[in-house]
Amino acid sequence: MPQRCCCWGADLLRLVSRSALQYDKSLCQLEGPAVRDAINRIFSAKTAPNIYEATNAALAELGLTRTFYLGPISNDRTRGRSLLSFGYSEDWEMKYRDGLRSVDPIPSAAALTSTPMFWHRLPPDLSLRPEEQAYLDMLPDWNMEQGICTMVFGPHSRVAMIGGSMPPGDDNIDSIDVNAFHVIAMASFAAYYRKVGIKGENTLSFSTSELDVLYWMAQGLSNIGIAKELGLSPEAVASATKQLFLKMNVFDRTSAVMKGVRLGYVIVSDDVSRRIDKQTGEDVAEPGR
């Protein structure tokens, strides 16, 4: 595997940029006071349950009478993915919490796109394991064969997913206003973190090897390149990377580095710092300043 240059995560940085552009275009394309009023009600909600209530009402106006909230989304499917569901089958909810979350490929697929995704039209080049395909094949049993979802991003690389479906038997989901769905979902997540705040971000604990891996990751090296620099096996680097993702609640290298820079765990090259500056609007050249 060739080593990555200093432009670490360049493809993902472009993805985030495209997502921001889509957000701006969506705002411009929203028409009428109804959606704007719905978003105002979301941000005016006093409590987290009120935020869900306002979000569900806004999505229902689009025809999405069933909704779910899933998070945090990270690289490890066995952790996080707490589910809050409205209108879906209780049998699905129970089985999802009991283990189906570990074979659900939809969040991973949604993380690869900068726009909302219809889960009945997954990317054709997506490679599915047998157990993942089996999960998708079970969705009609719960009247979930069609739906739309999007990844939402919060402070300190918080990642979650919001999804919705039309009433059972209604096959017109392809006609919904995707831009409105995207903006409402992002507004809901932003409003949620305004209410609950952020705790414990500066109490993360890393081993020396994990910090070493994070440093070289920030310099743009691949796992093989990091292994050569540290005199470790690629498997050991992969294990340390997995632990970093788990502890930081992120699902990719770009988010891990950006979070490490913001919290002062790693210093990156000037070129990478400039890239992060453009993404965050913050000066990260001197972490912890």
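Residues numbered from 1 in each chain as written. Predicted model: local features only at pLDDT ≥ 70, side-chain atom pairs only at ≥ 80, totals over all residues. Heavy atoms only, no water.

Chemist: I'd like to hear about unusual backbone geometry, residue by residue, with values.
Modeler: Positive phi, normally seen in glycine, also occurs at Asn143, with a value near 55°. Structurally, Asn143 can be placed in the loop between helix H6 (130–138) and strand E4 (148–153). For Asn249, which is not a glycine, the phi torsion comes out positive at approximately 55°. Checked against the element boundaries, Asn249 lands in the loop between helix H10 (234–248) and helix H11 (253–262). (Helix = DSSP H or I, 4+ residues; strand = E, 2+ residues; numbered from the N terminus.)

Chemist: Provide a residue-level description of the packing of helix H3 (residues 48–61) against helix H7 (residues 178–196), including the pertinent values.
Modeler: Where H3 meets H7, the closest approach of the two axes is 10 Å, and the angle between their N-to-C directions is 175°. Relative to H7, H3 is oriented roughly antiparallel. Contact residues: H3 offers Ala48, Ile51, Tyr52, Thr55, Ala58 and Leu59, while H7 offers Phe181, Ile184, Ser188, Ala191, Tyr192 and Lys195. Of the residues belonging to the contact of H3 with H7, the class tally is 9 nonpolar, 2 polar and 1 charged. (Axes fitted to C-alpha atoms, helices over the stretch in contact; angles between N-to-C directions. Parallel < 35°, antiparallel > 145°, perpendicular 65-115°, else oblique. Contact = heavy atoms within 4.5 Å. Nonpolar A, V, L, I, M, F, W, Y, C, P; charged D, E, K, R; others polar.)

Chemist: For the pairing of strand E5 (residues 159–165), give the residues involved together with the corresponding values.
Modeler: The side chains of a regular strand alternate, first on one face of the sheet and then on the other. Among the 7 residues that make up E5, 7 are buried, leaving the element largely enclosed by the rest of the structure. Both faces of E5 are covered, namely the face carrying Val159, Met161, Gly163 and Ser165 and the face carrying Ala160, Ile162 and Gly164. In this sheet, E5 lies alongside E4 in antiparallel orientation, the contact comprising 6 bridges. Bridge pairing links Phe153 to Val159 in E5. (Buried < 20%, exposed > 50% of the residue type's maximum accessible area, 1.4 Å probe, protein only. Pairing = 2+ DSSP bridges.)

Chemist: Go over the pattern of salt bridges with me, naming the residues and quoting the values.
Modeler: Counted by the stated rule, this structure contains 6 salt bridges. One salt bridge connects Asp91 with Lys95, and the closest N-O pair in it is separated by 3.3 Å. You can see Asp91 and its partner Lys95 sitting in helix H4 (residues 90–98), 4 residues apart, about one turn around the helix. The class for Lys95 is partly exposed, based on a relative accessible area of 37%. The partner of Glu210 in a salt bridge is Lys247, and the shortest N-O contact between them spans 2.8 Å. (Salt bridge = Lys/Arg side-chain N within 4 Å of Asp/Glu carboxyl O.)

Chemist: Now, about H11: what can you tell me, with residues and values included?
Modeler: The buried fraction of H11 amounts to 8 of the 10 residues, a majority that puts the element mostly inside the structure. When we look at burial in H11, the residues that qualify are Thr254, Ser255, Ala256, Val257, Met258, Lys259, Gly260 and Val261. For H11, the side-chain oxygen to backbone nitrogen distance between the N-cap and Thr254 is 3.1 Å, and the N-cap itself is Asp252. (Polar contact = N/O pair within 3.5 Å; in protein donor to acceptor, adjacent residues only side chain to side chain.)

Chemist: So, the sheet that holds E5: which residues are in play, and what are the values?
Modeler: In spatial order, the strands read E2-E1-E5-E4-E3; together these 5 strands make up an open sheet with antiparallel pairing. Two strands in the sheet have a free side with no partner beyond their single neighbour: strand E2 (82–86) and strand E3 (117–118). Two strands pair when backbone bridges link them, and strand E1 (residues 66–71) and E5 are joined in this way by 5 bridges, in the antiparallel orientation. Bridged to Phe68 within E5 is Gly163. Packing against the sheet, H3 makes contact with E1 and E2, and its axis sits at approximately 130° to E1. Sitting on the sheet, H4 touches E1 and E2, and the angle it makes with E2 is about 175°.

It is worth stressing that arrangement in space is one thing and function is another; only the former is reported here.
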